[in-house]
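Single-letter residue listing:
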Amino acid sequence: MKISFAEPALPDKGAVVVLVAEGRKLSPAAKDLDGKAKGAVTRAIKASRFEGEKGQSLEIVAPAGTALDRAILAGIGKDFGELEQQALGGNAVGKLISSGSAAATVIVDTGARDLAAAAANVALGAQLASYRFDRYRTKEEKKDKPTLKSVTVCVAGAAKARRAWGPMGKVADGVFFTRDLVSEPGNVIYPESLAAEARTLTKLGVGVEVFDVKKMEKLGMGALLGVGQGSAHDSRMVVMRWDGAAKAKKAVAFVGKGVTFDSGGISIKPGPGMEEMKWDMGGAGTVIGLMKALAGRKARVNAVGLVGLVENMPDGKAQRPGDIVKSMSGQTIEIHNTDAEGRLVLADVLWYCQDRFKPQFIVDLATLTGAIVVSLGNEHAGLFSNDDKLAEKLTAAGLATGEKVWRMPLDEAYDKLIKTDAADMKNIGGRGAGSITAAQFLQRFVNKTPWAHLDIAGVAWSKDAKPTAPKGATGFGVRLLDRFAADNYEK
Ligand code: BES
Ligand code: MN
Ligand code: ZN
């Protein structure tokens, strides 16, 4: 969808969105429209329960005295902050995308001190809501086809809004890339093809290195390789580098779990819902989309993104429960359940990351445990960290972007739960605290590096639409970590 900015003016065609504050207080543009439309706005409000509360909207089709398709009155409530501005843009697009209108104009002329910034946020929400993954729908019902092609955001000081939008549009590109990668099925996205997608970032100036099985064998990555050995698709690890700051500056590091399909392996998963495990590469998808965002907006930071890519399949060559593997760190792991594979992949990638880059910190993302969905549902990602400052910064970035995280505990007592007689550790704990024992496992591979782990199993995919994320792949984490980097590491 095309986004543009212009000075405030009522359009004479298409759809228009005007703002109304709580208590039915019309914005200047809403008043203007009311005048042109012979009082249709005031009458429509009177005839409805629309109060101008945030999230509320009222549609007037073909308002009298105008050639408009429709006008939408959008409530801004009392405090029209960043997230409300984005939600307003998103809700408007949600209403208009298959409405029949091809062009929409949103007039941002009230509710915020910095209207240009508000307009850019409205644009971001609009763009994020316009995402669709419909590559494989060949017989779409005509009534479902999107009609909306462009959104113009009108604001006094359009040039300033356009400048603010520049980097935000690049972040939206990163989110879309993640959503695409996560939505693609397992027969299209497998380790080699996902590595090829990551490679496309070289166009943006990202350095991309792909490690094949031989190279990983040389490094001693027995934990990662064990997971992939039952698949017809060979495993890969991808290292991406964006150098946006001075050479001497230590890198910030992001690591993602990229299980392109998780059947569970020999500890095979039950059939119902298994198709969802195509998005078990969500952590990797986010790291790749994040690198795209950072490079796209030329972030002044040195960032590395590492993803471990495997397919977890049952086969004659597959890893067995009871097998003992040796990780790159030298630590040995007894496999008690081949479905607890994400931590095995991350073990080697985390170790490699801290060993090679000595980064300021590592944040990893993984659709790691079903247990985190039991704990936090679909509202927060689980956050685990060995560093309070890092945890605080991530929490703040979560609140600022609406991609919220909730801190969970780490503790010596939980670490004991992954002890075993035959090796240094086993890959599952007991029945309780499944997300925590998984995080304790990861912690054994970060050495002393400040580290945070985001368990995104509950938030990488959504069964229902949100204002700025249609249902399906959400791209969770791209905006969170982009903001986290911008607010803390680019000054
Ligand atoms: N990829 C799954 C976790 C998952 C479950 C993600 C549901 C999204 C939705 C992970 O590899 C897994 O299978 N974890 C097991 C761990 C168990 C065997 C200790 C789980 O959560 O059941
Ligand atoms: Mn699994
Ligand atoms: Zn998995």
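Note that the structure is a prediction, hence the values are computed from the model and not measured.

Novice: Give me the lowdown on the overall build of the chain, citing residues and values where you can.
Specialist: Looking only at helices and strands, the chain features 15 helices and 20 strands. Here the chain has a C-alpha radius of gyration of 24 Å; the compact-globule value for 491 residues is 23 Å, and the two agree. Projected onto the principal axes, the alpha-carbon positions of the chain cover approximately 80 × 50 × 40 Å. A separation threshold of at least 6 residues defines the contact pool for the chain, and within that pool the share at least 24 residues apart is 77%. In the structure as shown, the chain presents an accessible area of about 20400 Å², 52% of it carried by carbon and sulfur atoms. Of the charged side chains in the chain, 67 are positive and 56 negative, and the gap between their average positions amounts to 5 Å.

Novice: Account for the nonpolar core, with residues named and values stated.
Specialist: Ranked by internal contacts, the top residues of the largest apolar core, which has 52 residues, are V238, M240, F254, I288, V363, L481 and F484. Take this core: its biggest share by element is 7 residues, from helix α9 (residues 282-296). If sequence neighbours within four positions are ignored, L481 has contacts with F254, L290, V363, L365 and L394. A74, I76, L96 and V122 belong to the second-largest nonpolar core, a separate cluster that totals 44 residues.

Novice: Account for the site of ligand 1, naming residues and giving values.
Specialist: Taken together, 16 residues form the shell around ligand 1, and within it K269, D280, D339, E341 and G370 come nearest. Within the side chain of D339, one N or O atom sits 2.8 Å away from an oxygen atom of ligand 1. Here a nitrogen atom of ligand 1 and a backbone polar atom of T367 are 3.3 Å apart.

Novice: Tell me about the sheet that holds strand β13 (residues 332-334), and please be specific about residues and values.
Specialist: With respect to topology, 3 strands assemble into an open sheet ordered β12-β13-β17, the strand pairing being mixed. Whereas interior strands pair on both sides, the edge strands pair on one side only; in this sheet they are β12 (324-326) and β17 (425-426). In this structure, β13 lies alongside β17, joined through 2 bridges in parallel fashion. Counted as the bridge partner of I333 is M425 from β17.

Novice: Lay out the domain arrangement of the chain with the relevant residues and their values.
Specialist: Split by domain assignment, the chain resolves into domain 1 (2-155) and domain 2 (171-489). Here the C-alpha centroids of domain 1 and domain 2 sit 38 Å apart. Where domain 1 meets domain 2, there are 6 residue pairs in polar contact (both at pLDDT 80 or more). When residues of the side of domain 1 that touches domain 2 are traced back to their parent elements, those giving at least two are α3 (82-96) and α4 (115-129). At 6 residues, the largest contribution of residues to the side of domain 1 that touches domain 2 is made by α3.

Novice: Tell me about the coordination of the zinc ion (ligand 3), and please be specific about residues and values.
Specialist: The reference angle at a metal is 109.5 degrees if four donors form a tetrahedron and 90 or 180 degrees if six donors form an octahedron. Taken together, the protein donors to the zinc ion (ligand 3) comprise K257 (NZ), D262 (OD), D280 (OD) and E341 (OE), at separations of 1.9 to 2.4 Å. For the zinc ion (ligand 3), the single-chain donor residues occur in sequence as K-x4-D-x17-D-x60-E. The manganese ion (ligand 2) is placed at 3.1 Å from the zinc ion (ligand 3), the two being bridged by D262.

Novice: Kindly report on the pairing of strand β10 (residues 252-262), identifying the contributing residues and their values.
Specialist: Within β10, 11 of the 11 residues are buried, which leaves it mostly tucked inside the rest of the structure. Judged from the 10 bridges that link them, β10 and strand β11 (residues 302-312) form a sheet pairing that is parallel. Following the sheet pairing, D262 is matched in β11 by N312. Examined bridge by bridge, β10 and strand β14 (residues 362-366) share 4 bridges and lie parallel to one another. Looking at the pairing, A253 lines up with I362 of β14.

Novice: Describe in detail a negative patch on the surface, supporting the description with residues and values.
Specialist: A cluster of like negative charges, contributed by E192, D212, E217 and D234, occupies part of the molecular surface. Relative to the elements of secondary structure, D212 occurs in the loop between β8 (207-211) and α7 (213-219). Classification of D212 by relative accessible area gives partly exposed; the value is 34%.

Novice: Just give me the short version of the pairing of strand β4 (residues 57-61), but keep the residues and values in it.
Specialist: Alternating positions in β4 separate cleanly, L58 and I60 being buried on one face and S57, E59 and V61 remaining unburied on the opposite face. Relative to strand β5 (residues 70-77), β4 is paired through 5 bridges, and the arrangement is antiparallel. Residue L58 lies in a different strand from β5, and its bridge partner there is L73.

Novice: With reference to specific residues and values, describe the pattern of salt bridges.
Specialist: Per the counting criterion, the structure on display carries 22 salt bridges. Its salt-bridge partner being K257, residue D280 comes within 3.2 Å of it at the nearest N-O pair. Taken together, the residues span a long stretch of sequence, with D280 in the loop between β10 and α9 and K257 in strand β10 at a distance of 23 residues. Accessibility assignment for this pair places D280 and K257 in one class, buried.

Novice: Describe in detail unusual backbone geometry, supporting the description with residues and values.
Specialist: With a phi close to 60°, R24 is a non-glycine residue in the positive phi region. Within the secondary structure layout, R24 lies in the loop between β2 (15-21) and β3 (25-26). Positive phi, normally seen in glycine, also occurs at N447, with a value near 60°.

Novice: Would you mind going over the side chain of R236 in detail, with residue names and values included?
Specialist: When you line up the elements, R236 lands in strand β9 (residues 236-243). Among all residues touching R236, those that are not within four sequence positions of it are P191, E192, A195, V210, F211, D212, V213, M216, V307, G308 and L309.

Novice: Go over the coordination of the manganese ion (ligand 2), please, and point to the residues and values.
Specialist: Distances from the manganese ion (ligand 2) to its protein donors, namely D262 (OD), D339 (O), D339 (OD) and E341 (OE), fall within the range 2.0 to 2.2 Å. Between the 6 donor atoms coordinating the manganese ion (ligand 2), the angles at the centre fall across 69 to 166°, so the site counts as irregular. Between the donor residues of the manganese ion (ligand 2), the gaps in sequence give the motif D-x76-D-x1-E.

Procedures and definitions
Residues numbered from 1 in each chain as written. Chains lettered and ligands numbered in written order. Predicted model: local features only at pLDDT ≥ 70, side-chain atom pairs only at ≥ 80, totals over all residues. Heavy atoms only, no water. Helix = DSSP H or I, 4+ residues; strand = E, 2+ residues; numbered from the N terminus. Rg over C-alpha atoms; globule rule 2.2 N^0.38 Å. Contact = heavy atoms within 4.5 Å. Areas by Shrake-Rupley, 256 points an atom, 1.4 Å probe, with all protein chains shown as cover. Lys, Arg positive; Asp, Glu negative; His and termini not counted. Charge placed at Lys NZ, Arg CZ, Asp CG, Glu CD. Core = buried A, V, L, I, M, F, W, Y, C linked by side-chain atoms within 4.5 Å. Buried < 20%, exposed > 50% of the residue type's maximum accessible area, 1.4 Å probe, protein only. Near = heavy atom within 4 Å. Polar contact = N/O pair within 3.5 Å; in protein donor to acceptor, adjacent residues only side chain to side chain. Pairing = 2+ DSSP bridges. Domains from an automatic or database assignment. Donors = N, O, S within 2.8 Å, 3.2 Å for Na, K, Ca; no water. Patch = residues over 30% accessible without salt bridge, like charges linked within 9 Å, V, L, I, M, F, W, Y side chains within 5 Å. Salt bridge = Lys/Arg side-chain N within 4 Å of Asp/Glu carboxyl O. Tetrahedral: all angles 85-135°; square planar, octahedral: opposite > 155°, others 65-115°.

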